[in-house]
Amino acid sequence: MTRFVQALMTWARARRGLVLGLAAIVALASLVPTLRIRFGTDVLQLMPREAGAVDAFETYLERFGSLDALYVYVEAPAEASVADYGEYVDALVVALRALPEVRRVDAGRLDNSRDWAYLTDRQLLLLDPANYTEAVARMAPERIPAQVARTRDMLAMPSEDLKALAQRDPLGWLELTTARLDGASGVLRLSPGTADGYVTSDGRAQLLVVHPTRPPFDTAFARTLLDRVAAAERVVRGQFTAQWQDEELAPPRMDVAGGHRTAIETETLMRGEAISNTVWSMVGVLALLYLAFRNAWLVVFGTLPILLGTLVTLALHQVAGVQLSAAATGASAMLFGLGDDGLVLLFVAYRDGLARGLTPAEAVGQLGGIGMSVVLGAVTTAATFLGLWFVSFPSLQQLGVVVGLGILLTALFTLTVLVAGLPGRRWVAHSRDLTLPGLGPWVTRHRGAILALAAIATLPLAWGLPRLRVDPRIERLRPSTAGLALESEITSRFGLAADMYLVLSRGSTLDAQLQAHESLEHALSGTDGLAHAGPSVLLPSAGVQEARRRELRTIAPRRAAIAADVDAAADDLGFVPGTFAPFRARLERLLDPSQALTLEDLEAHGLGDLVGRFVRRDGSDYLVATYATAGNPAAVAALRTHVAAHPGLVLTGLPLVNAALAARLPRELAWGLTVGALVVVFLIWLEFRAVRPTALALLPTICGIIWGLGALGWAGVVLDLFSVFAILMFLGIGVDYGIHLLHPTLGPDGLDVSRALSLVGPALLLAGATTIVGFGTLIWSAYAPLRSLGLVSVSTIGAALVASLLVLPALVRPGGAAR
């Protein structure tokens, strides 16, 4: 293998014009698709791939979730009420409904956007047994007068819609239906509207739910939508500015949240992160290289392999139609930190050859050993990054592929393009000698003290490992944006449940699933601390509807008597004659024994978005959901038990997803570390073919894990999922330092470790420093998971670098080699 690497470098040097020309062509061909690279904004990419609760939760987010809705949030100033801005809100609703990008606007009020009459005429089918019993009791002659008297307040209100509702419902059946529809699940209100709409309990804020014509994550459409919404709001605001000034009202706050805003903000964040991480990493790395060598060629030309590797990698992803995730925005910074190791090592060895009187061609002809060290280091590092493909997080998988492929391509371009462009004697003569002849002997003289200090430091740092805490919650992986912060505010202010449990099922027969969910709701009824709402609140199963129709057949003959009793009570109470004529007109429909509720009819009457929170079509299948909130561990346990007793139902929700991640994280990390370590050990042994140097090469990695992570444990750092898997990536990075130091000591012509350290040690120090700078830029990232990944990487790489320069050579006997 070493001979092949040497032959490749010799060929590249001999055909330097051809190699550099091909490099220019590759760079230009890669630049165009790279400039068109797109960033994926789908939050589902943050979810792991796993059957069970995690997969079911992802299905819910994709099919049932609120990702497709745009929330328009109107808030009155302090000490004011949103009711003072009712005309403004009404005008805003009209303006939003007129937008071509908007399918419908749900203001939470009684209006003509939904055919509530269809639902209220069948409300007796929707009532649970207790409320149905109460509804029947209110039809008794002795109960009717009291119920009719309660309608006075509604008839006295200024809203014509509410007056009409009172005339249609003098027995108060709607309040029974509303209680059933609202439930206590935290689902956005399902009741047939109110006078105020979706208003917070303090009366200061109101919510409008906008349903765009297209889903989010198409950022071009999302930008158009938000621009149109903003323009419409400005026009409406202009209509009321003078009125607010006259009434001495401060203007209200209007803002939007939802998937469309999240898509735009996430893309902007990721694009900015990709650029800033790359620029700052490149600036830091180039500055270190110049300070070390004081050679302009190295700064201008030396980073070309990294740029080519990055460009080709990104271009391949763009051509393949892959959108980069938030995690992959740090890939360029990592490549700049990792890709210059070979550059430094080759340049130092090449300069040393020229200093010994060799010609440039002869100096390149002696780079085979260093070249093989570069290849082995690149392969081990790439292997651990590519190993992320086997974890279940798509974003981490993509990060691993981007960095792993980039490292391999950078190594290839380093052995060809860099070697082809190595300068002659005149350029190299102006560069600084990076060798430190006294470093090796110094370590040899103090090897006892170095090993003692290393042992003393290892014990307390190892004690810090158990103190390292991991928070695997999926929420920690979400970007931090203003839109997501507003969503959290909306969730809190409108009383929506943040930690909701979901029960999902899938099947080709809808009624069978409705029956299963009704059976579950029946089993859950009466459980302390557990509130739930299933599809039966809008769409009972055929069996439940037939049972209710049988009961209605016994009541239907009394229709005329019930209507007469209502009219008599109204006369006695002094109501205007005919006040409840609308009730008499609809009573026949209410008590119709042939009435039915179907999914198709609900959708046809404008109620599809409401029933769609419980039932969704997915190809030839139906997806059905039940919602639940649990107030204590016993309620959660009861929910788990009852769901498990119903085959075909799957319990999920963010609390379960987080619990599943916490349970599987040790397994997956242990598996990844084991497989990664075995691959790295095998690759090292394949080159060294001896146990002792293979074991010694692993020492910096072991020290990096114990010292770096132990220090973070003592510092109280909390890791997330990304930073945990940074440990897996570090396996391939930390071992490179041991490989580069020990490789020159092998073979019959191998150097003693003291000489190798004096020659390679400064190059390792520089390579490690540039790697730390590359990963260190991530610590200031606006994306929290990249920050934690950068922190773990810097601490472990720094510790491994110290171990490779001091502890590793101190372990090798003086004057000896690692073999």
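Up top is the structure these notes are about.
Overview of the structure. It should be emphasised that the depicted structure is a prediction, and the values quoted were computed from it without experimental measurement.

1. Some remarks on the overall build of the protein
Piece 1. Scanning the protein from N- to C-terminus turns up 36 helices and twelve strands.
Piece 2. Within the span of the protein, comprising 819 residues, buried residues form 56% of the whole.
Piece 3. Residue pairs in contact within the protein that sit at least 24 positions apart in sequence constitute 83% of those at least 6 positions apart.
Piece 4. For the protein, the accessible area works out to roughly 32900 Å², and carbon and sulfur atoms hold 61% of it.

2. Some points on the packing of aromatic side chains
Piece 1. Tallied over the full model, the rule gives seven aromatic pairs.
Piece 2. Relative to Trp 244, the ring of Tyr 88 lies with its centre 5.3 Å away and its plane at 70°, an arrangement referred to as edge-to-face. Here the residue Tyr 88 occupies a position in helix H4 (residues 86-97), and Trp 244 occupies one in helix H12 (residues 219-246), the gap between them amounting to 156 residues.
Piece 3. Judged by its relative accessible area of 3%, Trp 244 falls in the buried class.

3. Some points on empty space enclosed by the protein
Piece 1. Counting across every chain of the model gives six cavities of 30 Å³ or more.
Piece 2. Volume-wise, the largest cavity comes out at about 180 Å³.
Piece 3. Along the walls of the largest cavity sit 15 residues, with Leu 338, Asp 341, Gly 342, Ala 378 and Ile 407 positioned nearest its centre.
Piece 4. Across the lining of the largest cavity, the residue classes break down as six nonpolar, seven polar and two charged.

4. Description of the pattern of salt bridges
Piece 1. Evaluated as defined, the whole model comprises 21 salt bridges.
Piece 2. Of the charged contacts, one joins Asp 352 and Arg 356 as a salt bridge, the two residues approaching to 3.2 Å between their closest N and O atoms.
Piece 3. Accessibility expressed as a relative area gives 18% for Asp 352, which makes it buried.
Piece 4. One salt-bridge network, held together by shared partners, links Glu 75, Arg 204, Arg 253, Asp 255, Arg 261 and Glu 265.

5. Quick notes on the pairing of strand S9 (residues 615-618)
Piece 1. In the sheet, S9 pairs with strand S10 (residues 621-630) via four bridges, with the strands oriented antiparallel. Bridging across to S10, Arg 616 finds its partner in Leu 623.
Piece 2. In sequence, S9 turns back onto S10 through a hairpin of two residues, with Gly 619 there showing a positive phi of about 70°.

6. Thoughts on helix H27 (residues 559-572)
Piece 1. Helix length check: H27, at 14 residues, gives a terminal C-alpha distance of 20 Å against a target of 20 Å (1.5 Å per residue), a fit within 8%.
Piece 2. Looking only at H27, the buried set comprises Ile 562, Ala 563, Val 566, Ala 569 and Ala 570. End-on, the buried residues of H27 take up no more than an arc of 125°, which puts them together on one face. Exposed and oriented more than 90 degrees from the buried face of H27 are Ala 560, Asp 571 and Asp 572.
Piece 3. Each element contacted by the buried residues of H27 is listed here: helix H8 (144-149), helix H26 (542-555) and helix H28 (581-590).

Definitions and cut-offs
- Residues numbered from 1 in each chain as written.
- Predicted model: local features only at pLDDT ≥ 70, side-chain atom pairs only at ≥ 80, totals over all residues.
- Heavy atoms only, no water.
- Helix = DSSP H or I, 4+ residues; strand = E, 2+ residues; numbered from the N terminus.
- Buried < 20%, exposed > 50% of the residue type's maximum accessible area, 1.4 Å probe, protein only.
- Contact = heavy atoms within 4.5 Å.
- Areas by Shrake-Rupley, 256 points an atom, 1.4 Å probe, with all protein chains shown as cover.
- Phe/Tyr/Trp six-rings, centres within 6.5 Å; stacked < 30°, edge-to-face > 60°.
- 1 Å grid on protein atoms, 1.4 Å probe; cavity = no way out; pocket = protein on both sides within 12 Å on 5 of 7 lines; lining within 4 Å.
- Points joined across faces, edges and corners; volume = space filled by probe spheres on them.
- Nonpolar A, V, L, I, M, F, W, Y, C, P; charged D, E, K, R; others polar.
- Salt bridge = Lys/Arg side-chain N within 4 Å of Asp/Glu carboxyl O.
- Pairing = 2+ DSSP bridges.
- Expected span 1.5 Å × (residues − 1).
- Arc of directions from axis to C-beta.

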